[in-house]
2 protein chains.
Amino acid sequence: MKVVIIGAGGVASSLAPAVKEAGHEILQIYSHTVSSAKTLADSVGCGSTIDIKELRNDADIYLVSIKDAALAEVGKALTKGRENALWVHTAGSMSMNVFGDVRRGVLYPMQTFSRSKKVCFRAVPCFIEASTESDKEILTNFARSLSDSVTPLDEDARKYLHLAAVFCCNFTNHCCAIAEEILLEKGIPFSVMLPLLDETVAKLHTVPPREAQTGPAVRYDKNVLTRQQTLLEDAMAKDIYRLMSENIHRFSSTDNNNSQS
Amino acid sequence: MKVVIIGAGGVASSLAPAVKEAGHEILQIYSHTVSSAKTLADSVGCGSTIDIKELRNDADIYLVSIKDAALAEVGKALTKGRENALWVHTAGSMSMNVFGDVRRGVLYPMQTFSRSKKVCFRAVPCFIEASTESDKEILTNFARSLSDSVTPLDEDARKYLHLAAVFCCNFTNHCCAIAEEILLEKGIPFSVMLPLLDETVAKLHTVPPREAQTGPAVRYDKNVLTRQQTLLEDAMAKDIYRLMSENIHRFSSTDNNNSQS
């Protein structure tokens, strides 16, 4: 397949090498940032542009990995004069109809992509949708050339999947960022938390999250809950602590058999 | 060392086999629940009791792993007639002075312990404190017989460490529990999240949490943020979503270079 990649952020930067390794031909990287476009294009050996007028019109498939707001804004404009290609975005929460009435689909790679950490795309669960059966088949084959885990999923379910991913990934990471702030105050490096974090996630491979819950909130250890809130000087961190603890307590069943140090 | 373990919850259940494997003699398990006390005692081949009058008084060290509130209540009573032994609790947020004016200390194993998932105690970071230099040495040697990671830490720093652990472990687990609820509604198994969770934590081994942050909140993708809040029917989940997103946005630096699908 001849591919144009639109975007040069975390997702595009992980997608591009996977597309190349799968044997497809990347014609061009398009991004509104010169340096990002050029860096990514150089890494996969193709051309780049920041000018929509120079956007190639001979690709079989256009992969669009840009901010959702930008996608909503430029989705239709991008397809002009390129209506015969298959237009695919990678956004979990966006409809494929953002491209208008063209051949269209979604390839949602459910993973956290940062430029500073390479991800093995073959292990990334990809969820796909397309506007016609024939394009669904084309997109399935394309996705399978990149990843070992390809599942069809409609827009409604994908939205909830993305929402769940935000909780599992973005919010868990933010909990760690708050922990990092707390430790920084005492001169303790964040790395001290890694064995605990590893075990927290390892446990979830065999124990459901509700059952795996430990800590003062699920024990409803009021003394600790009050004292820990007092330690938090930042008002928002305090609110998060209170709200999370209340919700853990609400989730906890009466027959809970866990404890945490 | 001759050891009595007080408590039979998650921490005690991970501690007891580690104590036994290190070659110490466990004299007794004491817990207020008959079945828990007996199950744990049987697993390490010692006696058990639920009656404080039957609590052995010939141990060198008493390891107390009970709820913080219970510890505050019974700490001093437990030591009566056993003042020559070393009294050690495992609670991150409690002072060793909860035992009163006896030989006392803390061995805080910073890990999440559930009865349903065995933990390798040798890999658990343990933070210790004792009331005298000689007991600190005794406790250090004892802790080193159980774990490869033993660090002295005073009460104040330990409190903040425990608070950070609550964010890293208990709150990240709860984020996953909310995700589980969201997926349940759509008939999607939680296991679909495991590659994302694994990568989220793997990334934190090399990238600091703030820098590793991805997702709609750090991109400040208002459309997604609004739509995802609408998907959440539960009021508390909605509040958590809003608060976490606001705080992620607040944490994010202007030179952020991450994105998430």
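Residues numbered from 1 in each chain as written. Chains lettered and ligands numbered in written order. Predicted model: local features only at pLDDT ≥ 70, side-chain atom pairs only at ≥ 80, totals over all residues. Heavy atoms only, no water.

## Topic: the overall build of chain A
How we decide: Secondary structure is summarised from DSSP: a helix means a run of H or I of at least four residues, a strand means a run of E of at least two, and numbering begins at the N terminus for each. Classification of residues uses two cut-offs on accessible area relative to the type maximum, computed with a 1.4 Å probe and protein chains only: under 20% is buried, over 50% is exposed, and between them is partly exposed. The contact criterion used throughout is that any non-hydrogen atoms of two residues lie within 4.5 Å. Note on areas: Shrake-Rupley, 1.4 Å probe, and residue coverage restricted to the protein chains presented here. Only four residue types enter the charge count, namely Lys and Arg as positive and Asp and Glu as negative; His and the chain termini do not. For charged residues, the charge sits on one atom: NZ in Lys, CZ in Arg, CG in Asp, CD in Glu.
Scanning chain A from N- to C-terminus turns up 10 helices and 10 strands. When its C-alpha atoms are laid out on the principal axes, chain A stretches across 65 × 40 × 30 Å. Residues classed as buried in chain A amount to 60% of the 261 residues present. Considering only residue pairs separated by 6 or more positions, chain A has 53% of its internal contacts joining residues 24 or more positions apart. Element-wise, carbon and sulfur atoms account for 50% of the exposed surface of chain A, whose accessible area totals about 10300 Å². The average position of the 28 basic charges and that of the 31 acidic charges among the side chains of chain A differ by 1 Å.

## Topic: the interface of chain B and chain A
Counted only if it meets this: By convention in these notes, a salt bridge is any Lys or Arg side-chain nitrogen within 4 Å of a carboxyl oxygen on Asp or Glu. Classes in brief: Ala, Val, Leu, Ile, Met, Phe, Trp, Tyr, Cys and Pro nonpolar; Asp, Glu, Lys and Arg charged; the others, Gly included, polar.
At the interface, 106 residues of chain B touch 106 residues of chain A. Seen at the junction of chain B and chain A, the total is six salt bridges. Here B:E181 and A:R210 are joined by a salt bridge, their closest N and O atoms 3.1 Å apart. For the side of chain B that touches chain A, the leading source of residues is helix α5 (residues 155–185) of chain B, giving 27 residues. Across the side of chain B that touches chain A, the residue classes tally to 56 nonpolar, 28 polar and 22 charged.

## Observations concerning the sheet that holds strand β9 (residues 150–152) of chain A
Residues and elements named next belong to chain A. Defined as follows: Strand pairing is assigned whenever DSSP identifies at least 2 bridges connecting the two strands. Lines fitted to the C-alpha atoms define the axes, with helices restricted to the stretch that makes contact. Angles between their N-to-C directions range from 0 to 180 degrees.
The strand order across the open sheet formed by eight strands is β3-β2-β1-β4-β5-β6-β8-β9, and the pairing between neighbours is mixed. With one partner strand each, in any of the chains shown, β3 (47–49) and β9 form the two edges of the open sheet. Across the sheet, the mean angle separating the axes of adjacent strands is 25 degrees when strand polarity is ignored. For strand β8 (residues 126–130) and β9, the ladder comprises three bridges, and the chain directions are parallel. Residue I128 lies in a different strand from β9, and its bridge partner there is P152. Lying over the sheet, helix α3 (residues 68–79) contacts β1 (2–6), β2 (25–30), β4 (61–64) and β5 (86–89), oriented at roughly 165 degrees with respect to β5.

## Focus: the nonpolar core
Let me state the cut-off plainly: Here, nonpolar core refers to any group of buried Ala, Val, Leu, Ile, Met, Phe, Trp, Tyr and Cys residues whose side-chain atoms link them within 4.5 Å.
Residues A:M193 and B:M193 are the most contacted members of the largest nonpolar core, which totals 96 residues. Beyond its immediate stretch of four places on either side in the chain, A:M193 contacts A:L183, B:M110, B:L161, B:A164, B:A165 and B:C168.

## Observations concerning the relation of the copies chain B and chain A
What counts here: Only residues with pLDDT of at least 70 in both copies contribute their C-alpha atoms to the least-squares superposition of the copies.
With an RMSD of 0.0 Å, the operation that places chain B on chain A is a rotation of 180 degrees combined with a shift of 0.0 Å along the axis. Given the turn and translation reported, the copies of this chain are related as if by a two-fold rotation axis. In terms of C-alpha distance to the rotation axis, chain B has B:T172 as its closest residue, with the C-alpha 2.2 Å off the axis. In this assembly the copies share their binding face: 100% of the residues contributing to the interface of chain B also contribute to that of chain A.

## Comments concerning the pairing of β2(A)
Residues and elements named next belong to chain A. Applied cut-off: Place the viewer so that the strands point away; then a crossover is right-handed whenever the path from the first strand over the helix to the second strand goes clockwise.
The element β2 is largely enclosed, with a buried count of five among its six residues. As paired elements, β1 and β2 share five bridges and run parallel to each other. Pairing of V4 across the sheet is with Q28, part of β2. Between the parallel pair β1 and β2, the chain is carried across by helix α1 (residues 10–21), and the sense of this crossover is right-handed. As judged from the three bridges shared by β2 and β3, these two strands associate in the parallel manner.

## Here's the deal with the sheet that holds strand β8 (residues 126–130) of chain B
Residues and elements named next belong to chain B. If you trace the eight strands from one edge of the open sheet to the other, you get β3-β2-β1-β4-β5-β6-β8-β9, paired in mixed fashion. Edge positions in the sheet fall to β3 (47–49) and β9 (150–152), since each has one partner strand and no second. Adjacent strand axes in the sheet meet at a mean angle of 25 degrees, parallel and antiparallel pairs treated alike. Lying on the sheet, α5 is in contact with β6 (104–109) and β8; it crosses β6 at an angle near 25 degrees.

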